[in-house]
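Letter by letter, the chains look like this.
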Amino acid sequence: MTWYTALVLAVAAERLAELAVARRNTRWSLARGGVEAGRGHYPAMVALHTALLAACPLEVHLAGRPFAPLPGWSMVAVVVAAQLLRWWCVSTLGPRWNTRVIVVPGLPLVTGGPYRLLRHPNYVAVAAEGLALPLVHGAWVSALAFTALNGVLMAVRVRCEDGALARPAAELRA
């Protein structure tokens, strides 16, 4: 299980790197008149993602979940693919990428990179990681709980983001 804990810690470190990028990008967006939407659901999102990172190794340890090589290594591949997709989103959006919903008035919708294939590719990465990371080591309760709660949260988040992106620039500034 030590290597699994190391994997979860590596994902946690990646999340901290995301937060650093998001802070920098928040400053960039706000300096250009960016407007934040959806502040109310953001703390729930942070809590859910933090809980996932704690629950995975905890469930494996407390429930004595064994490592099954075939599904385990398959799920490692999904976790890696999710990271690659997430950072493709980050690089495509550049300074516009954020963990928060911040819209800079007047900027066109990004339609390149993974956004030419999917409307919300970063959320696909989050969903894949949230299911796969626990299943790497058989933490199926964590996988199911995160997936269900994340589904509810993503419904709120996507509605918030789509609404913010659809508002005219003058309305965003108001």
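See above for the structure.
Values in this document were obtained by computation on a predicted structure and should not be read as measured data.

**Observations regarding helix α3 (residues 69-93)**
Its 25 residues place the ends of α3 36 Å apart at the C-alpha level, agreeing with the 36 Å of an ideal helix rising 1.5 Å per residue. Residues of α3 that are buried: Gly72, Val76, Val79, Ala82, Gln83, Leu85, Arg86, Cys89, Val90 and Leu93. Phi for Gly94, located one or two positions after α3, is positive at around 60 degrees.

**With respect to the nonpolar core**
The nonpolar side chains of a soluble globular protein tend to be buried with one another. Tyr4, Leu7, Val8, Cys56, Val79, Leu133 and Val136 are the most contacted members of the largest nonpolar core, which has 22 residues in total. Taken together, the elements giving at least two residues each to this core come down to α1 (2-31), α2 (42-63), α3, α4 (121-135) and α5 (140-166). Here this core takes seven residues from α2, the largest share from any one element. Apart from residues no more than four positions distant in its own chain, Cys56 is found in contact with Tyr4, Val8, Leu133, Pro134, Ala139 and Ser142. Residues Val21, Ala82, Leu85 and Leu93 belong to the second largest nonpolar core, which totals 11 residues.

**Quick word on the environment of Arg65**
Mapping Arg65 onto the fold places it in the loop between α2 and α3. Here the alpha-carbon distance between Arg65 and Asn150, two residues 85 residues apart in the chain, equals 23 Å.

**Quick word on the packing of aromatic side chains**
Within this structure, the stated rule accounts for four aromatic pairs. On the basis of an interplanar angle of 90 degrees and a centroid distance of 5.0 Å, the ring pair of Trp3 and Phe67 is categorised as edge-to-face. Separated by 64 residues along the polypeptide, Trp3 in helix α1 and Phe67 in the loop between α2 and α3 bring together distant segments of the chain. We classify Phe67 as partly exposed; its relative accessible area is 24%. A centroid spacing of 5.5 Å and a plane angle of 80 degrees characterise the contact between Phe67 and Trp73, whose relative ring orientation is edge-to-face. Three or more aromatic residues link up through ring pairs in this structure, and these residues are Trp3, Tyr4, Phe67 and Trp73. We note Arg100 situated over the ring of Tyr42; from NZ or CZ to the ring centre the distance is 4.0 Å.

**Points about the state of the cysteines**
Evaluation of the coordinates by the stated rule reveals zero disulfides. Residue Cys160 stays outside any disulfide, its sulfur separated by 18 Å from that of Cys89, the closest cysteine. The exposure class of Cys160 is buried, given its relative accessible area of 15%.

Analysis parameters
Residues numbered from 1 in each chain as written. Predicted model: local features only at pLDDT ≥ 70, side-chain atom pairs only at ≥ 80, totals over all residues. Heavy atoms only, no water. Helix = DSSP H or I, 4+ residues; strand = E, 2+ residues; numbered from the N terminus. Expected span 1.5 Å × (residues − 1). Buried < 20%, exposed > 50% of the residue type's maximum accessible area, 1.4 Å probe, protein only. Core = buried A, V, L, I, M, F, W, Y, C linked by side-chain atoms within 4.5 Å. Contact = heavy atoms within 4.5 Å. Phe/Tyr/Trp six-rings, centres within 6.5 Å; stacked < 30°, edge-to-face > 60°. Lys NZ or Arg CZ within 6 Å of the ring centre and 35° of its normal. Disulfide = S-S within 2.5 Å.

Structural measurements only, silent on function.
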